[in-house]
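# What the coordinates show
Residue-level listing of the chains:
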Amino acid sequence: MKNVVYLFGSGASHAVINAIDPTKQFLTADIRQKIHEKEKDAKVKNIPIDIWNELMDPTVDIEHLISILETNYHHESAQNIKNYYHDAIISLSKEVIEKIDDPNYKPNLYSVLFDFHNIRNNVEKVISVFSLNYEDLFEQTLKFHLNLGV
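Anyway, here's the lowdown on the structure attached to this text. Since the model is a prediction, treat every value here as computed from it, not as a measurement.

## Concerning the pattern of salt bridges
Evaluation of the coordinates by the stated rule reveals two salt bridges. With its nearest N and O atoms 3.8 Å apart, the salt bridge here joins E37 to K34. One end of the pair, E37, and the other, K34, are both in helix α2 (residues 28-40), three residues apart, so they sit about a helical turn from each other. Overall, the relative accessible area of 31% leaves E37 in the partly exposed class. Two residues, E70 and K82, come together in a salt bridge whose shortest N-O distance is 2.5 Å. Of the two residues, E70 is situated in helix α4 (residues 62-71) and K82 in helix α5 (residues 75-98); the sequence distance between them amounts to twelve residues. By relative accessible area, E70 is classed as partly exposed at 28%.

Spelled out as structure tokens, the structure:
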């Protein structure tokens, strides 16, 4: 029997999100808008105005900006932006995650893989799964698929 390890990146979640709700597209613009809402709520702290303006520029890649800030020793601003980025993704994914419990739920990439390895596959055994994503679509699908309750 072969041992299998899965590593899921953002492409996997995008496929799952698209399968669950094709109207949801977690684009950088959506994430940037959620981060911008924090400014309106006066929750943004410790980010210099020049860095904030760069963050709000639609032509700037947020993850690249974080890397540049870390490289240039702006660790506090980089960490704050990471936190805002994380919160934005969680907020955007809540509506999608709620659909996993829907009785009309459709299988997605994660659930198909669980099904394949748990029911039909006698040749491979999943020994570990890693996700590089901030959201918890993988965990919610696993709970639903294995009837663990959410």
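## Considering unusual backbone geometry
Backbone phi values are negative for most residues with the exception of glycine, while trans is the configuration of most peptide bonds. Non-glycine residue Y73 carries a positive phi angle of around 65°. Within the element layout of this structure, Y73 appears in the loop between α4 and α5. By relative accessible area, Y73 is classed as exposed at 69%.

## Considerations on α4
Residue pairs three or four apart in sequence face the same way in an α-helix, which turns once every 3.6 residues. Here α4 has its buried residues at I62, L65, I66 and L69. Along α4, the residues classed as buried sweep out an arc of 100° about the axis, all on the same side. Exposed and facing more than 90 degrees away from the buried side of α4 are H64 and T71. N-capping of α4 is provided by D61, with a side-chain oxygen placed 2.9 Å from the backbone N of E63. Directly after α4, the chain includes Y73, whose backbone phi takes a positive value near 65°.

About the cut-offs
- Residues numbered from 1 in each chain as written.
- Predicted model: local features only at pLDDT ≥ 70, side-chain atom pairs only at ≥ 80, totals over all residues.
- Heavy atoms only, no water.
- Salt bridge = Lys/Arg side-chain N within 4 Å of Asp/Glu carboxyl O.
- Helix = DSSP H or I, 4+ residues; strand = E, 2+ residues; numbered from the N terminus.
- Buried < 20%, exposed > 50% of the residue type's maximum accessible area, 1.4 Å probe, protein only.
- Arc of directions from axis to C-beta.
- Polar contact = N/O pair within 3.5 Å; in protein donor to acceptor, adjacent residues only side chain to side chain.

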